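Coordinates in review
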2 protein chains.
Amino acid sequence: MDFPAKLKRLVDRVERGLDLHLPPAATRPARLHEAMRYSLQAGGKRLRPVLVLAVHELLAGQNAKAQGPGAKSTPADPLAAAVAIECLHTYSLIHDDLPCMDNDDLRRGRPTAHRQFDEATALLAGDALLTHAFALLAEAYADRPVLAHALVRELADAAGSRRLIGGQMADVLAEKHATATADDLEFIHRNKTAAMIEAALVMGGLAAEAGPAPLATLRRLGQHLGLAFQIVDDVLDATADTATLGKTAGKDAQAGKVTFVKLHGLAESRRLAQVHSDAARAALADLPGDPAFLGALIESMAARNK
Amino acid sequence: MDFPAKLKRLVDRVERGLDLHLPPAATRPARLHEAMRYSLQAGGKRLRPVLVLAVHELLAGQNAKAQGPGAKSTPADPLAAAVAIECLHTYSLIHDDLPCMDNDDLRRGRPTAHRQFDEATALLAGDALLTHAFALLAEAYADRPVLAHALVRELADAAGSRRLIGGQMADVLAEKHATATADDLEFIHRNKTAAMIEAALVMGGLAAEAGPAPLATLRRLGQHLGLAFQIVDDVLDATADTATLGKTAGKDAQAGKVTFVKLHGLAESRRLAQVHSDAARAALADLPGDPAFLGALIESMAARNK
């Protein structure tokens, strides 16, 4: 398997999907739709939507084989689910960058939405991307309402007040009071980061009509992968420079944020990232299909430098 | 029919539903869940959720009759749909009140969320209520995925970038540039206000398993009722005092907002409100069932003083 070529193929598919599944920039009011596209089309790793597509490819092939050549139902196209989770992720970045949150000027090497437009437009573009994620799932899978319902439920739970937003809130509180414990930090990362990675994997599985056992394995895989990803993020914030990251480096330390690095040190953080990567790989081995691409993706996430 | 008594019964049911269908205030992180409940439990007219329940009551009775006494399926409980739309409405108020939007200190006679908590908490509580609306629909109607899907689709479309949020954006732009035309104003009100009232009526119809014809009538009813409601709002902002309104009066004029009153004058605005109320009543007459309560509700909305 040629990992970079396959990754590029999936990322290209996501980029086309983003263009296809977002309202045109000229849609009234144009400023809102321009801002939605500005933030969504700023590039980035497209990790979450790539995970949706990769899991779907892994499992849909298996299910087709199990059903035999006479099977009638074709697996659903996972692209809209991939786009929906990227809309969700992008909304969370736009709101996280706002002055009342992290007050960040740079994101993916470009001005953040409120710097490029203004605060009101950024706020509304974030709201609109969050809402569009659910509208898109409902619309794109309208002929499969059971699947649409399952995807909406997964995404809404992962993005809700107990998980993604709860993690953001706990993060804000930890920074404000500078009193976060290891338990707080785990709550923040399990929810702020791992929840959406877990949802991406599960949504790919749902689109492939995976059963309860592989869905549970995907959830476990997502939790470990999400934690590994966030710990690497903390390590990079402490060690890389702004140009490499495409966002302001050292920001967490400056802001007095409690991070894995601050709490456990660099060496132990790197070891913890490895532990979670290994656990993710072990979960992957429990899934049917050829794990080469997802295995390489996990590897690249643990070894990344931005 | 005793209108005030029936209205009180429905409002009380909504209030119990809000408590039932929101995460407990002590849910981690508590500050976020307290803020969600603070804004949601601030009272208010509960117009949108009452419309959901009232339409459901109107049409579910009809459908039960049509199916005859041997009919197996009981209509779905519309309460979760009613709570979902109130979550959606409350999120839009929280974000609309933020400093980068209307910068309002008072809402329903109490400090706005960002004054009571802080901007970051208000932002996240709004995000969480928006997300919870979809999570709740998916969870409460999990045993009826076709209905859950239809409700999510209706709510997400009404709340999306072409409608509710598009109306908010157009409103912000009109205020900034002070150049709104009658067409702009209609776009703003059709979307900022009427979209959610329309969605409330349609969601009540969906929960009652209404067919395409009554759903189309409900949509028409909602458009006129929404416009009537918004025009009355503009008239009240220009004529009532802060204590009566429970929010800062005269704010629109101060902010240089283009309103129906500014564009058409007080007398013509009152006449337009009447035109749309009449059209709403005409639509109501096209629905089956006893229209007494909904008719009285339309009347009370057109004649209200806060």
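Residues numbered from 1 in each chain as written. Chains lettered and ligands numbered in written order. Predicted model: local features only at pLDDT ≥ 70, side-chain atom pairs only at ≥ 80, totals over all residues. Heavy atoms only, no water.

**Notes on the overall build of chain A**
The number of helices and strands found in chain A is 15 helices and 2 strands. Taken along the three principal axes of its C-alpha coordinates, chain A extends 60 × 50 × 35 Å. Of all 306 residues assigned to chain A, the portion counted as buried reaches 58%. For chain A, long-range pairs separated by at least 24 residues make up 75% of all intrachain contacts whose partners lie at least 6 apart in sequence. Counting only carbon and sulfur atoms, one obtains 53% of the accessible surface of chain A, whose full area is about 11,600 Å². (Helix = DSSP H or I, 4+ residues; strand = E, 2+ residues; numbered from the N terminus. Buried < 20%, exposed > 50% of the residue type's maximum accessible area, 1.4 Å probe, protein only. Contact = heavy atoms within 4.5 Å. Areas by Shrake-Rupley, 256 points an atom, 1.4 Å probe, with all protein chains shown as cover.)

**Let's talk about the relation of the copies chain A and chain B**
Rotating chain A by 180 degrees and moving it 0.0 Å along the rotation axis overlays it on chain B with an RMSD of 0.0 Å. Within this description, the copies of the chain are treated as partners about a two-fold rotation axis. For chain A, the minimum C-alpha distance to the rotation axis belongs to A:H149 and amounts to 2.7 Å. (Least-squares fit on C-alpha atoms with pLDDT ≥ 70 in both.)

**Thoughts on the state of the cysteines**
Taken as a whole and assessed by the stated rule, the structure comprises 0 disulfides over all chains. The thiol of A:C100 is unpaired, and the distance to the nearest cysteine sulfur, on B:C100, comes to 7.7 Å. Overall, the relative accessible area of 24% leaves A:C100 in the partly exposed class. (Disulfide = S-S within 2.5 Å.)

**As for the packing of helix α6 (residues 119-140) of chain A against helix α6 (residues 119-140) of chain B**
Two elements in contact, α6(A) and α6(B), have axes whose closest approach is 10 Å; the angle formed by their N-to-C orientations is 20 degrees. Overall, the two elements α6(A) and α6(B) adopt an arrangement that is roughly parallel. Crossing geometry of α6(A) relative to α6(B) is assigned as right-handed. Judged by residue contacts, A:L123, A:D127, A:L130, A:T131 and A:F134 of α6(A) engage B:L123, B:D127, B:L130, B:T131 and B:F134 from α6(B). Across the contact of α6(A) with α6(B), the residue classes tally to 6 nonpolar, 2 polar and 2 charged. (Axes fitted to C-alpha atoms, helices over the stretch in contact; angles between N-to-C directions. Parallel < 35°, antiparallel > 145°, perpendicular 65-115°, else oblique. Left-handed = near helix turned anticlockwise from the far one by under 90°. Nonpolar A, V, L, I, M, F, W, Y, C, P; charged D, E, K, R; others polar.)

**Quick notes on helix α8 (residues 164-177) of chain A**
Residues three or four positions apart in an α-helix share a direction because the helix packs 3.6 residues into each turn. Look at α8(A): 20 Å from first C-alpha to last across 14 residues, which is about the 20 Å you get at 1.5 Å a residue. Counted residue by residue, α8(A) has 11 buried out of 14 residues, so it is predominantly covered. Of all the residues in α8(A), the buried ones are A:L164, A:I165, A:G166, A:G167, A:Q168, A:M169, A:A170, A:D171, A:V172, A:L173 and A:A174. Looking at the buried side of α8(A), the elements it contacts are α4 (79-97), α7 (145-159) and α9 (182-207) of chain A together with α2 (30-40) and α6 of chain B. One or two positions beyond α8(A), positive phi appears at A:A178, with a value near 50 degrees. (Expected span 1.5 Å × (residues − 1).)

**Here we look at the packing of aromatic side chains**
Pairs of aromatic rings are described using the distance from one ring centre to the other and the angle between the two planes. Enumeration according to the criterion identifies 5 aromatic pairs over all chains in this entry. Residue placement shows A:R110 over the ring face of A:Y38; its charged tip is 4.0 Å from the ring centre. (Phe/Tyr/Trp six-rings, centres within 6.5 Å; stacked < 30°, edge-to-face > 60°. Lys NZ or Arg CZ within 6 Å of the ring centre and 35° of its normal.)

**What about the interface of chain A and chain B?**
The partner chain B presents 53 residues to the 53 residues of chain A that form the contact. Summed over both sides, the interface of chain A with chain B buries roughly 4,300 Å², with 72% coming from carbon and sulfur. The interface formed by chain A and chain B contains 6 salt bridges. With a shortest N-O distance of 3.2 Å, A:D183 and B:R28 are connected by a salt bridge. Counting residues per element, the ones that place at least two in the side of chain A that touches chain B are α2 (30-40), α4, α6, α7, α8 and α9 of chain A. Looking at the side of chain A that touches chain B, the element that brings in the most residues is α6(A), giving 13 residues. (Buried area = accessible area lost by both parts, 1.4 Å probe. Salt bridge = Lys/Arg side-chain N within 4 Å of Asp/Glu carboxyl O.)

**What about the nonpolar core?**
Counting residues in hydrophobic clusters, the biggest one holds 179 residues, and the most contacted among them are A:L88, A:F134, A:L155, B:L88, B:F134 and B:L155. Beyond its immediate sequence surroundings of up to four residues, B:L155 is in contact with B:A84, B:I85, B:L88, B:A133, B:F134, B:L137, B:M196 and B:M203. Counting 14 residues, the second largest nonpolar core, distinct from the first, contains A:A170, A:I188, A:L236 and A:L272. (Core = buried A, V, L, I, M, F, W, Y, C linked by side-chain atoms within 4.5 Å.)

**Re the environment of B:D127**
Mapped onto the fold, B:D127 is located in helix α6. As a C-alpha pair, B:D127 and B:N103 span 24 residues in sequence and 18 Å in three-dimensional space. Residues in contact with B:D127, not counting those within four places in the same chain, are A:Y91, A:H95, A:D127, A:L130, A:I165 and B:H95.

**Thoughts on the pattern of salt bridges**
Residue and element names in this part refer to chain A. If you walk through the whole model with that rule in mind, you get 50 salt bridges over all chains. For R31, the salt bridge identified is with D118, shortest N-O distance 2.7 Å. Taken as a pair, R31 in helix α2 and D118 in the loop between α5 (113-116) and α6 lie far apart in primary sequence, 87 residues in all. Look at R31 and you get partly exposed, because its relative accessible area is 23%.

**Here's the deal with the confidence of the model for chain A**
Here chain A averages 91 in pLDDT, and 91% of its residues register 70 or above. Predicted complex, confidence summary: ipTM 0.94, pTM 0.94. (pLDDT = per-residue confidence, 0-100.)

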